[in-house]
Amino acid sequence: MTTARALDPKHFALGERFPEAVHAPDSVEALGALVRDCNARQRAIVFFGGGTLQGLGHVPERYDVAIRVGRINRVLEYDHRDLTIAVEAGCTLAALGRALAAHGQFLPLDAPRSSQATVGGTLAGGWLGPRRSAYGSPRDFVIGTSVVLADGSVAKAGGMVVKNVTGYDLSKLYLGSLGTLGALVRVNFKTLPIPQTRRLAFAPLPEGTRGRALKHVAALSIEPAAALAVSGFSKEIDGTEGPDGRVIVLLEGSPRSVESATRELRSALGSAGVPETRLVDSDVEVAFERIVDAYVASLGARSATYRSGGLPGDATPRSDAFVRVAQSCKLKLETIEDIRSGDVIARLSTATTRDLEERLVSFDAERRTALAGARVLAAPQAVRARLDAWGALPASLATMRALKAQFDPNCTLAPGRYVGRI
Amino acid sequence: MDASSGAELRERLIGALGDKNVRFAAEDLAAYAYDAYAESSVPFIVAAPSDARQVSAVVRIAAACGVPIVARGAGTGLCGGSVPTSGGVVLSFSRMNRVLSLDAANRRATVQPGLINFDLSRAAEPFGLFFGPDPSSQKISTIGGNTATNAGGPHALAYGSMSANVLGLEYVDSLGDITRISVDDAGYDLVGALVGSEGTLGIVTAIELRLLRAPRAIRVGVAAFENVEAASETVSAAIGAGIRATALEIMDSTIVQAVEAHYHAGFPLDAGAVLLVETAGEPDDVAASERALATLAREHGALSWRSAGSARERDALWASRKGAAGALGRLAPNYYIQDATVPRTRLPQAIAQVEAIAREHGLRVGNVFHAGDGNLHPLLLFDRRERREVEAVVHAGHDILVCCIELGGTISGEHGIGYEKRDALALVFNPNDLAAMLRLRDVFDPRRLFNPDKIFPSGAVCAEVLAAS
């Protein structure tokens, strides 16, 4: 059902731009016809899933029409014995998770706000979650896609088999393209069996223990499903914070391996001077989702969040750089450092909305040396146009421009939104 | 190519690479006319650059002369992907075969494309690391070739094919420019687009790869069955039950007979099929998974189950599995290996149909395949000197592809499309799908000088297909 509110342009702001119209087609054919029409009339489109990752990217140069894909949301094929599933792109992550869980399977997409977030939006946003070092990235689970291209035609790539080298793997290009090459309408995944046991371990870090604790966790011989060093986020994320923050480790596997991993973790943390590790064995999924939700959680209009990716070996220097620059710009800093993947999530905030904009703009300028690759994950609409959303430009930008020109010659799809204002 | 422009190409290449590294004598060229596919075509010249700058020079010179460039690793490809079907320059990576760096702490390595797959795992071993993709050709095939075809191997089941393990590339584009790209770059995933593009988009000159931590325990077991169907049903059941194996490989009796005669690894000779099962990880989990698999095998009528007692026994079983195709030389002068994938629950049907197709065409077939991934490799035995047999193989190969597509599968799981299967691509993808792929081609290689005649349907078929779009 589409309510009037769901189609009200004022809920579809990007920066300070609003679309003239919002559409919510209920079929791929209807979506294709809409896109074809917009393309012919040079009306710029932004696709919306659940809107949870719309904080990514530049404010588009032109923005005439928002198209919600959320009504195109069926599970199309699921033979659970094959461990493959095909869903329409508007399917929410929660609905996908429920369909899979009914047969003891899951997909570690680990994107925030799973009851709103859609499969299409999560993949188009290039989301990378904390369990990817253990299970692989979304790009490793996608075995096929269909997209509506700028001319309204539908093109598929890949298939419903887990191993496939037939033709170019165009799915890889659509993932992370933020709707600038087409709209994902169907995604085929390979799935995983749900681990028998899940356990979260929370350890507050006493003063001066952080460096060693992180090093010991990184060196665990039984690798955890996720390992994070969190500082701040006390409202969003469970666990008592110590003077050096807290370490949160997700263990998944057989009961015996989780037990062995727990013993190893406790002893590794103990020898780093971290005496206390609290274990949570019930509702682990819910607690873990709360952690993931924090990645884009904003404090009204007085915070902004960046993601810095890179090697695990230099995550701590990047964390330290955030501390330095935030301090010099008088911004409060909270971080989630992913010990396994090397991601650093940094939320910057001020006590009042009024102070944020100027401090954030100077932060964004200052961070360009030490944190060149950091990207904006979420920021208040009023500030967005003044931030460098993507960070350092890739060496292959000219090729990316050529790719955009091939797939969207009229610049119908979110013009100016992408890297290098593509 | 006329004599004067040929001479100019030769002179310019010699100028850039030195005369030792440019070959054009007939006997040298003959060696580069083939890969492991049946058809051959002699290149005009072979260039063996030593680094990315020389690759760039070769590309610029070839482009200026308007001749095709075909990159070549070890020439083990089975689909004619490195056969220079339109002549031109073959770019050999024989001199670019080093590990450039190995960062054990961050578990990555950067290598040159000519590095042999197996040599990477050997270099990583002292650090307790290994490289995931292990095509059966891994002792001769190169990382560059593996990247071009998005190669897999038995362990792709657990560790993914090349695309899941390539983190970055350095490549030379059609203008001769050298670019470095990474999966961590902001923007489109060009690494994902280049891996598996079979040399048609750019010439890769360095590859950054993910290394994996060696598992603490590995176990290999062998179950014997009366027939391939029973073995396949065991695999389907294991996948459906969520038992995590790192490899699930089936060999039928034809293959088992041949490999036992050659390797003496101890596979049961009286079985209709054997299932090779590997589990790896934490010792407790590995033992539990193996027990679960052995139980499932028995429930599906396994005649016997044996666990490899030692690392040596395990290696012997693997060596014979990976040498299976080669061992068939005992049974027939030639074999043709097909590569197709079906949804894993369709394996028993696919195998039954493959056998029916072989019977219908009067051919013997051996089946050895990556059952856990639904990736079939029927080996059709024939004698190249018998015209009837050659024709029968071509038709049977095609019928197998059609049958796999009808079962919901596709025409290549890991070998690539190359020259051989390009017309069959139109059986899988409609004109819109192919047009989207050609847009990507146009971005990277508008003049079609990188490995022409590959992947996309041949002129007539392609025109027909695209006219319909």
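## Focus: the overall build of chain B
Then, number 1: Helix and strand counts for chain B stand at 17 helices and 20 strands.
Then, number 2: Here the C-alpha atoms of chain B give a radius of gyration of 22 Å, agreeing with the 23 Å that 2.2 N^0.38 yields for 469 residues.
Then, number 3: The principal-axis extents of the C-alpha atoms in chain B amount to approximately 70 × 55 × 45 Å.
Then, number 4: Residues counted as buried form 59% of the 469 residues belonging to chain B.
Then, number 5: Here the contacts in chain B between residues at least 6 apart in sequence split such that 72% fall between residues at least 24 apart.
Then, number 6: Accessible surface for chain B amounts to roughly 17,000 Å². Of this, 50% is attributable to carbon and sulfur atoms.

## Let's talk about the nonpolar core
Then, number 1: Ranked by size, the top nonpolar core spans 169 residues in total, and within it L96 and F189 of chain A carry the most contacts.
Then, number 2: One finds V274, A308, A324 and V368 of chain B within the second-largest nonpolar core, a separate group that totals 26 residues.

## A few points about empty space enclosed by the protein
Then, number 1: By the definition in use, this model includes two cavities of 30 Å³ or more.
Then, number 2: If you trace the largest cavity, you find 27 residues lining it, with F47, G49, G120, G121 and A124 of chain A closest to the centre.
Then, number 3: For the lining of the largest cavity, the secondary-structure elements that each account for two or more residues are β2 (45–48), α3 (119–124) and β9 (182–190) of chain A.
Then, number 4: Per-element tally for the lining of the largest cavity: the top contributor is α3 of chain A, with four residues.
Then, number 5: The volume enclosed by the second largest cavity comes to roughly 30 Å³.
Then, number 6: Every residue lining the second largest cavity is listed: D82, T84, M160, V161 and V162 of chain A together with V342, P343, R344 and D373 of chain B.
Then, number 7: Of the residues contributing to the lining of the second largest cavity, the split by class is five nonpolar, one polar and three charged.

## A word on the sheet that holds strand β3 (residues 69–72) of chain B
Within a sheet, neighbouring strands are paired by backbone hydrogen bonds and run either parallel or antiparallel to one another.
All names here are of chain B.
Then, number 1: One open sheet accounts for four strands, arranged β1-β2-β4-β3; its pairing is mixed. Sheet topology places β1 (22–23) and β3 at the edges, where each strand pairs with a single neighbour.
Then, number 2: Bridge analysis of β1 against strand β2 (residues 45–47) gives two bridges, and the strand direction is antiparallel. Opposite R23, over in β2, you have V46 as the bridge partner.
Then, number 3: Of the strands in this sheet, β1, β2 and β4 (89–92) are in contact with helix α1 (residues 3–17), which crosses β2 at around 15°.

## Details of the pairing of strand β7 (residues 142–149) of chain A
Residue and element names in this part refer to chain A.
Then, number 1: The element β7 is largely enclosed, with a buried count of eight among its eight residues.
Then, number 2: With seven bridges connecting them, β7 and β9 associate as antiparallel partners. Paired with V148 across the two strands is A183, which belongs to β9.
Then, number 3: Bridge count for β7 against strand β8 (residues 154–158) is five bridges, and the pairing is antiparallel. The residue of β8 that forms the bridge with S146 is K156.
Then, number 4: In sequence, β7 turns back onto β8 through a hairpin of four residues, with G152 there showing a positive phi of about 90°.

## Here's the deal with the pairing of strand β14 (residues 273–281) of chain B
Residues and elements named next belong to chain B.
Then, number 1: Burial of β14 is extensive: eight of the nine residues sit out of reach of the surface.
Then, number 2: Sheet topology places strand β12 (residues 217–225) next to β14; nine bridges connect them, and they run antiparallel. What sits directly across from A217, in β14, is G281.
Then, number 3: Judged from the six bridges that link them, strand β13 (residues 247–252) and β14 form a sheet pairing that is antiparallel. If you follow E249 over to β14, its bridge partner there is L276.

## Remarks on the environment of P84 of chain B
Residues and elements named next belong to chain B.
Then, number 1: Of note, P84 is situated in the loop between β3 and β4.
Then, number 2: Overall, P84 belongs to the buried group, its relative accessible area being 0%.
Then, number 3: Each C-alpha atom, one on P84 and one on S41, is 5.7 Å from the other, the two residues being 43 residues apart in sequence.
Then, number 4: Sequence-distant contacts of P84, that is, excluding residues within four places in its chain, are made with Y32, A33, S41, V42, P43, V70 and V90.

## Quick look at the domain arrangement of chain A
Residues and elements named next belong to chain A.
Then, number 1: Parsing chain A into structural domains produces domain 1 (75–193), domain 2 (197–294) and domain 3 (298–386).
Then, number 2: Taken together, the contact pairs 17 residues of domain 2 with 11 residues of domain 3.
Then, number 3: Taken together, both faces of the contact between domain 2 and domain 3 bury some 1,200 Å²; the carbon and sulfur share is 55%.
Then, number 4: Where domain 2 touches domain 3, the interface holds three salt bridges.
Then, number 5: For E337, the salt bridge identified is with R210, shortest N-O distance 2.5 Å.
Then, number 6: On inspection of domain 2 and its partner domain 3, the count reaches eight residue pairs in polar contact (both at pLDDT 80 or more).
Then, number 7: Mapped onto the side of domain 2 that touches domain 3, the elements with two or more residues apiece are α7 (210–218) and β12 (226–231).

## Digging into the sheet that holds strand β3 (residues 65–68) of chain A
All names here are of chain A.
Then, number 1: The parallel open sheet is built from three strands, whose spatial order is β1-β3-β2. Across the chains shown, the open sheet's two edge strands, defined by having one partner strand only, are β1 (21–23) and β2. Averaged over all pairs of adjacent strands, the angle between strand axes in this sheet comes to 20°, irrespective of strand direction.
Then, number 2: As defined by bridge partners, β1 adjoins β3 across three bridges and the pair is classed as parallel.

## Looking at the state of the cysteines
Then, number 1: Tallied over the entire structure, the rule returns zero disulfides over all chains.
Then, number 2: C411 of chain A supplies the cysteine sulfur nearest to C38 of chain A, a cysteine that is in no disulfide, at a spacing of 14 Å.

## Things to note about helix α2 (residues 93–101) of chain A
Residue and element names in this part refer to chain A.
Then, number 1: Every buried residue of α2 is accounted for by L93, A94, L96 and L100. Axial view of α2: buried residues confined to an arc of 160°, hence all on one face.
Then, number 2: On its buried face, α2 sits against β4 (75–79), β5 (84–88), β6 (105–106), α3 and β9.

## Overview of helix α1 (residues 28–40) of chain A
Residue and element names in this part refer to chain A.
Then, number 1: Between its terminal C-alpha atoms α1 stretches 18 Å, which fits the 18 Å expected from 13 residues at 1.5 Å a residue.
Then, number 2: Among the residues of α1, V28, L31, G32, L34, V35, C38 and N39 are the ones counted as buried. All buried residues of α1 project into a common sector of 165° when viewed along the axis, lining one side. Opposite its buried face, α1 presents the exposed residues E29 and A40, each directed more than 90 degrees away.
Then, number 3: Phi for Q42, located one or two positions after α1, is positive at around 55°.

## Thoughts on unusual backbone geometry
Then, number 1: Within the chain, R113 of chain A stands out as a residue other than glycine whose phi angle is a positive 50°.
Then, number 2: With respect to the helices, strands and loops of the structure, R113 of chain A is situated in the loop between β6 and α3.

Reading the values: the criteria
- Residues numbered from 1 in each chain as written.
- Chains lettered and ligands numbered in written order.
- Predicted model: local features only at pLDDT ≥ 70, side-chain atom pairs only at ≥ 80, totals over all residues.
- Heavy atoms only, no water.
- Helix = DSSP H or I, 4+ residues; strand = E, 2+ residues; numbered from the N terminus.
- Rg over C-alpha atoms; globule rule 2.2 N^0.38 Å.
- Buried < 20%, exposed > 50% of the residue type's maximum accessible area, 1.4 Å probe, protein only.
- Contact = heavy atoms within 4.5 Å.
- Areas by Shrake-Rupley, 256 points an atom, 1.4 Å probe, with all protein chains shown as cover.
- Core = buried A, V, L, I, M, F, W, Y, C linked by side-chain atoms within 4.5 Å.
- 1 Å grid on protein atoms, 1.4 Å probe; cavity = no way out; pocket = protein on both sides within 12 Å on 5 of 7 lines; lining within 4 Å.
- Points joined across faces, edges and corners; volume = space filled by probe spheres on them.
- Nonpolar A, V, L, I, M, F, W, Y, C, P; charged D, E, K, R; others polar.
- Pairing = 2+ DSSP bridges.
- Axes fitted to C-alpha atoms, helices over the stretch in contact; angles between N-to-C directions.
- Domains from an automatic or database assignment.
- Buried area = accessible area lost by both parts, 1.4 Å probe.
- Salt bridge = Lys/Arg side-chain N within 4 Å of Asp/Glu carboxyl O.
- Polar contact = N/O pair within 3.5 Å; in protein donor to acceptor, adjacent residues only side chain to side chain.
- Disulfide = S-S within 2.5 Å.
- Arc of directions from axis to C-beta.
- Expected span 1.5 Å × (residues − 1).

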